[in-house]
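# Results of the structural survey
Each chain, written out:
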Amino acid sequence: MTITTLGESLGTDAAGQVPVASVPPARQRRRSATRAGIVPYLFIAPGLALFALTVLYPTFQAFQLSFFDWKLVASASKFIGLDNYVRAFQDDHFWLSLSNSGIYMVLTVVPQIVIGLAIALLLARKSPTQPLFRVLFYLPVVTSWVVVSLLFRFLFSDDGLINFTLGDFLHLTDGSTPWLADRWTALLAICALGVWKGIGWSMMIFLAALQGVPTALLEAAEMDGANRWQRFRAVTVPAIWPALLFVTVMLVIGGFNVFVSVYLMTGGGPAGRTDVLLTYMYSQAFENLDFGYGSAIAVLLTIIVFVLSVVQLRVFRDRNGEGAL
Amino acid sequence: MKRSRLIAATAVAASLALVATGCAATGGDEGSSDEPVTITFWGSYGNGGNSAQQDVLNDTLIPAFEAEHPNITVQYVDVPYDDLLQKLTTSAAGDELPDLVRADLGWVPKFADLGVLVPLSQAMPDFQELADATFPGVLSTNLWKGDYYGLPLDTNTRVLITSQAALDAAGLDAPPATFADLEKAAGTLEGTGISLFADGGLGAWNISPWIWSGGGAITDDDMTTASGYLDGAKTVATVQMLVDLYQAGQISTGITGNAGATSTAEGLPGNNYATIFDGPWMNGIWADQFPDFQPIYAPIPAGDGGSVSVVGGEDIVLTASSKHQEAAMEFIRFTQTEQFQMALVPTGQLTVIKDFGDEQVATVPYLKVFTDQLATAKARLAIPQGSEVDTILNEELVPAFEGTVTVKEALGNAAKRIDELLAEQ
């Protein structure tokens, strides 16, 4: 049931407004409509209150802190206006962290969508082994970030399994690549973890969406002589478009919020070259106790993610020709 | 409501006046000492699941103190070390700090700067006497803007650690005692697959022993400038020696931040590395994980400045929000006694009191090198931005090790950035 139909069934219009009746018999209706208008809000009130307390309030506080040279003890803190933001724009390390977050986002989002969709297509057909493979691909998603980050750190260590496989087994390298010693190879290792851990999640969403692809349309296309690729492009993709949009937006947000894997695999090293925005923010706030600057970085990250999400929704909607959600 | 506020304001004003005039404890608090009080003490004695230290504290030391002071109850709260700074930070913000904290020595200036600690050198009439008994390096970590905000509680330092196998491979009869010995050993180790030295970074904890032993300095004695010191000729020469060894493959890439390099804790017993610098806790770690490994401890190799290491450890600090400051100061005095200090030695804590050094070595012989090293060991920059200094050193020195900038340039840049931090004081 879409939001619009839900609104209609509850006696409101699409914008959530209560329709105003102009004839006297509508009085009774109006009262019930008003009641019906309040009811949904009562249902979401507990969740909203929790959201306001645990998300909105801290967000507002962080926003407030970002205008201060914050010293933990309020009386010692000084209002400095936009200085923390100016500092961020002039801080080379902020830009390096932002570019690393962007690189991580690009290098993880695309493979997660492509590979996730490919696996979902393979597993959409019924077969005896299908449930087993679904579980196997989904397993990394439910495994702790801490555990898999440490696991990947060992895999990519100088004498880890990756070097052993590439060097001693496949003879593709000399087996002594110091993966975590260089910005690019370390980012690659971190992205590999992100992709491996995330594929199962996008696969699950796509699998659910693929159930909704009309079989009649696929069969009709087949009878019309459309090959597999044409059927996929003309029937399957439009049918799963909302899922594709959802997965993309969520993965982009998740990509910019990468923290645990970087913190545990490289600690932002060597010399801060693999820092992403959140590890940089964390070190400013909790190691240097510079909560004002840390908050400014967090606010900037929120703005970036918000803008990117809006842009994606617009682009996808335009391509789809109508509101996808 | 108004009345209680007035009383509170008067009490705060009175206590401030007492602290400011340095006579807070002249008469003691004997007048009110009959009233039972409970003081809270936060620390990480139980860190890492090894409860030996916490057991000594809870089962022996605190009961002994309480027996001597029947009106004082000490409530010890163990906080894992990794969480302690964050917990202290949020508690300071919420004005909910305990009476006493066992603080990492790098945190003392941070919290003193925030105004949440009591300057003990003003509040305790016997402070000087207690301070004089401690090792000067570790005492200096409590100094902030002319006042001491804590007393050393336990200490440690880094020494050179090697193994017989490494010495044999390097063709040495004894651990390298000088920079020259090290460079000579590097030549012998070439081609053996064993690196001469390994460390986990280039922060102040890592690089300071080299700089000081080489006769250089990080700042002037008054901590006003790093330029002319950190980029001085002796420091440049020492770091250049390390860079040359690194580029010859004699220092592990762990020093430049390779998280995938074999750790020093594994690399020394595994014969990947010939020497490392580390602290007394390694003995217990190796005893558990590499029971056959016999570490050999030796002083930091000497350069033009002699053999100088870096001080680590914890200080005990009293919070300004404590309502039982006299009782808390009594406990601080107790931590400086032979009973308290020596009870923790067998659990791997080094005493901070100079006079107990011999007794410490008699109790735990392998601590001799550490005890001797502490006599000359120095503290890192005791400023609130200590962690930023580490970041600067790492960021500027890694390119020098990689050969993309000269050592002089790298140290010059680091000095300029540290000068900016010092100017904020």
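Residues numbered from 1 in each chain as written. Chains lettered and ligands numbered in written order. Predicted model: local features only at pLDDT ≥ 70, side-chain atom pairs only at ≥ 80, totals over all residues. Heavy atoms only, no water.

## Digging into the overall build of chain B
- Scanning chain B from terminus to terminus reveals 19 helices and eleven strands.
- Relative to the 2.2 N^0.38 estimate, which gives 22 Å for 425 residues, the radius of gyration of chain B is 23 Å and therefore close to what a compact globule would have.
- Principal-axis analysis of the C-alpha atoms places the extent of chain B at approximately 80 × 45 × 35 Å.
- In chain B, once contacts between residues fewer than 6 apart in sequence are set aside, the share between residues at least 24 apart is 75%.
- If you sum the accessible surface of chain B, you get close to 17,300 Å²; carbon and sulfur atoms cover 52% of it. (Helix = DSSP H or I, 4+ residues; strand = E, 2+ residues; numbered from the N terminus. Rg over C-alpha atoms; globule rule 2.2 N^0.38 Å. Contact = heavy atoms within 4.5 Å. Areas by Shrake-Rupley, 256 points an atom, 1.4 Å probe, with all protein chains shown as cover.)

## Structural notes on the confidence of the model for chain B
Residue and element names in this part refer to chain B.
- Per-chain confidence: chain B averages 88 in pLDDT, with 91% of residues scoring 70 or above.
- Overall, residues 1-32 carries pLDDT values under 50, and its contacts beyond four positions in sequence, including any with other chains, amount to 16 contacts.
- Taken over the whole predicted complex, pTM reads 0.81, whereas the ipTM for its chain interfaces reads 0.77. (pLDDT = per-residue confidence, 0-100.)

## What about a negative patch on the surface?
- A surface patch of like charges, here negative, comprises E338, D355, D358 and E359 of chain B.
- Residue E359 of chain B is classed as partly exposed on the basis of its relative accessible area of 34%. (Patch = residues over 30% accessible without salt bridge, like charges linked within 9 Å, V, L, I, M, F, W, Y side chains within 5 Å. Salt bridge = Lys/Arg side-chain N within 4 Å of Asp/Glu carboxyl O. Lys, Arg positive; Asp, Glu negative; His and termini not counted. Charge placed at Lys NZ, Arg CZ, Asp CG, Glu CD. Buried < 20%, exposed > 50% of the residue type's maximum accessible area, 1.4 Å probe, protein only.)

## Some words on the side chain of S208 of chain B
- Summarising the element assignment, S208 of chain B is placed in helix 10 (residues 204-213).
- Residue contacts for S208 of chain B: discarding those within four places in its chain leaves G203, I218, V310 and R380 of chain B.

## Remarks on the interface of chain B and chain A
- Listed as interface residues are 24 residues of chain B and, on the opposing side, 23 residues of chain A.
- Carbon and sulfur atoms make up 55% of the surface buried where chain B meets chain A, a total of about 1,900 Å² over both sides.
- At the junction of chain B and chain A, the tally comes to one salt bridge.
- Taking the shortest distance from any N to any O, the salt bridge between E402 of chain B and R273 of chain A comes out at 2.9 Å.
- Linking chain B with chain A are nine residue pairs in polar contact (both at pLDDT 80 or more).
- For the side of chain B that touches chain A, the elements supplying multiple residues, two or more each, are helix 3 (81-93), helix 4 (108-113) and helix 18 (386-402) of chain B.
- The greatest single-element share of the side of chain B that touches chain A, amounting to seven residues, is contributed by helix 18 of chain B.
- In the side of chain B that touches chain A, the residues fall into nine nonpolar, ten polar and five charged. (Buried area = accessible area lost by both parts, 1.4 Å probe. Polar contact = N/O pair within 3.5 Å; in protein donor to acceptor, adjacent residues only side chain to side chain. Nonpolar A, V, L, I, M, F, W, Y, C, P; charged D, E, K, R; others polar.)

## Here's the deal with the sheet that holds strand 8 (residues 195-198) of chain B
Residue and element names in this part refer to chain B.
- The strand order 8-9-7-10 describes an open sheet built from four strands, whose pairing is mixed. The strands lining the two open edges of the sheet, one partner per strand, are strand 8 and strand 10 (296-298). Put simply, the sheet's adjacent strands are angled 25 degrees from each other on average, direction ignored.
- Inspection of the sheet shows strand 7 (residues 159-162) paired to strand 10 by three bridges, in the antiparallel sense. Its bridge partner being in strand 10, L160 is matched across the sheet by A298. (Pairing = 2+ DSSP bridges. Axes fitted to C-alpha atoms, helices over the stretch in contact; angles between N-to-C directions.)

## As for the packing of aromatic side chains
- Applying the stated criterion across every chain, the model contains 38 aromatic pairs over all chains.
- Measuring from centroid to centroid gives 5.4 Å for F156 of chain A and W179 of chain A, while their planes differ by 75 degrees, and the two rings are edge-to-face. Placement of F156 of chain A in the loop between helix 6 (145-155) and helix 7 (161-169) and of W179 of chain A in the loop between helix 7 and helix 8 (183-210) is noted, with a sequence separation of 23 residues between them. Accessibility classification places F156 of chain A together with W179 of chain A in one group, the buried group.
- Residues Y280 of chain A and Y293 of chain A carry aromatic rings whose centres are separated by 6.3 Å and whose planes lie at 90 degrees to one another, so their mutual orientation is edge-to-face. Residue Y280 of chain A is located in helix 12 (residues 277-287), and its partner Y293 of chain A is located in helix 13 (residues 291-320); the two are separated by 13 residues in the primary sequence. Comparing Y280 of chain A with Y293 of chain A, the two get one shared label, buried.
- An aromatic cluster is built from F41, Y45, F65, Y76, F331, F334 and F340 of chain B, whose rings are joined through pairwise contacts.
- We note K197 of chain A situated over the ring of W145 of chain A; from NZ or CZ to the ring centre the distance is 4.8 Å.
- One Lys or Arg, K87 of chain B, reaches over the ring of W42 of chain B and ends 4.7 Å from the middle of that ring. (Phe/Tyr/Trp six-rings, centres within 6.5 Å; stacked < 30°, edge-to-face > 60°. Lys NZ or Arg CZ within 6 Å of the ring centre and 35° of its normal.)

## A word on the pairing of strand 6 (residues 150-157) of chain B
Residue and element names in this part refer to chain B.
- Judged by how many residues are buried, strand 6 sits mostly within the fold: eight of eight residues are covered.
- Sheet topology note: the strand 6/strand 11 (residues 311-318) ladder contains seven bridges and is antiparallel. Looking at the pairing, P152 lines up with D315 of strand 11.

## Notes on unusual backbone geometry
- Phi is positive for H171 of chain A, close to 55 degrees, though the residue is something other than glycine.
- The residue H171 of chain A is located in the loop between helix 7 and helix 8 in this model.
- Even without being a glycine, D95 of chain B presents a positive backbone phi close to 55 degrees.
- Structurally, D95 of chain B is set in the loop between helix 3 and strand 3 (100-104).

## Remarks on the pattern of salt bridges
All names here are of chain B.
- Summed over all chains, the structure comprises ten salt bridges over all chains.
- Among the ionic pairs, D372 bridges to K368, the shortest N-O distance being 2.9 Å. Taken together, the residues D372 and K368, both in helix 17 (residues 368-374) and four residues apart, mark about one turn of the helix.
- A residue is classified by how much of its surface remains accessible, and K368, at 42% relative accessible area, is partly exposed.
- Through salt bridges with shared partners, one network takes in R102, D154 and E314.

## Focus: the domain arrangement of chain B
Residues and elements named next belong to chain B.
- The domain boundaries assigned to chain B delineate domain 1 (2-156 + 312-374) and domain 2 (159-309 + 385-423).
- Summarising the inter-unit geometry, the C-alpha centres of domain 1 and domain 2 are found 32 Å apart.
- Around 980 Å² of area is buried between domain 1 and domain 2 when both sides are counted, 68% of it from carbon and sulfur atoms.
- Looking at the side of domain 1 facing domain 2, the largest losses of area belong to Y366, F370 and Q373, adding up to 57% of the total buried there.
- Here domain 1 and domain 2 share zero salt bridges between them.
- Linking domain 1 with domain 2 are four residue pairs in polar contact (both at pLDDT 80 or more).
- Among the residues forming the side of domain 1 that touches domain 2, the class breakdown is five nonpolar, three polar and one charged. (Domains from an automatic or database assignment.)

## Thoughts on a nonpolar patch on the surface
Residue and element names in this part refer to chain A.
- A cluster of nonpolar side chains, contributed by V39, Y41, F43, I44, L48, F51, V55 and L56, occupies part of the molecular surface with about 790 Å² of accessible area.
- Within the secondary structure, I44 is located in helix 2 (residues 26-65).
- With a relative accessible area of 46%, I44 lands in the partly exposed category.

## Notes on the sheet that holds strand 6 of chain B
Residue and element names in this part refer to chain B.
- Strand order in this open sheet of five strands is 2-1-3-11-6, and the pairing throughout is mixed. In this open sheet, the two strands that pair with only one neighbour each are strand 2 (72-78) and strand 6. Each neighbouring strand pair of the sheet contributes to a mean axis angle of 20 degrees, computed without reference to strand direction.
- Note: strand 1 (residues 37-43) against strand 2, seven bridges, orientation parallel. Across the sheet, residue I39 finds its bridge partner in strand 2, namely V74.
- The sheet strands contacting helix 2 (residues 52-68) are strand 1, strand 2 and strand 3, and the helix crosses strand 2 at an angle near 170 degrees.
- Seen against the sheet, helix 14 (residues 325-335) touches strand 1, strand 2, strand 3, strand 6 and strand 11 and runs at an angle of roughly 150 degrees to strand 11.

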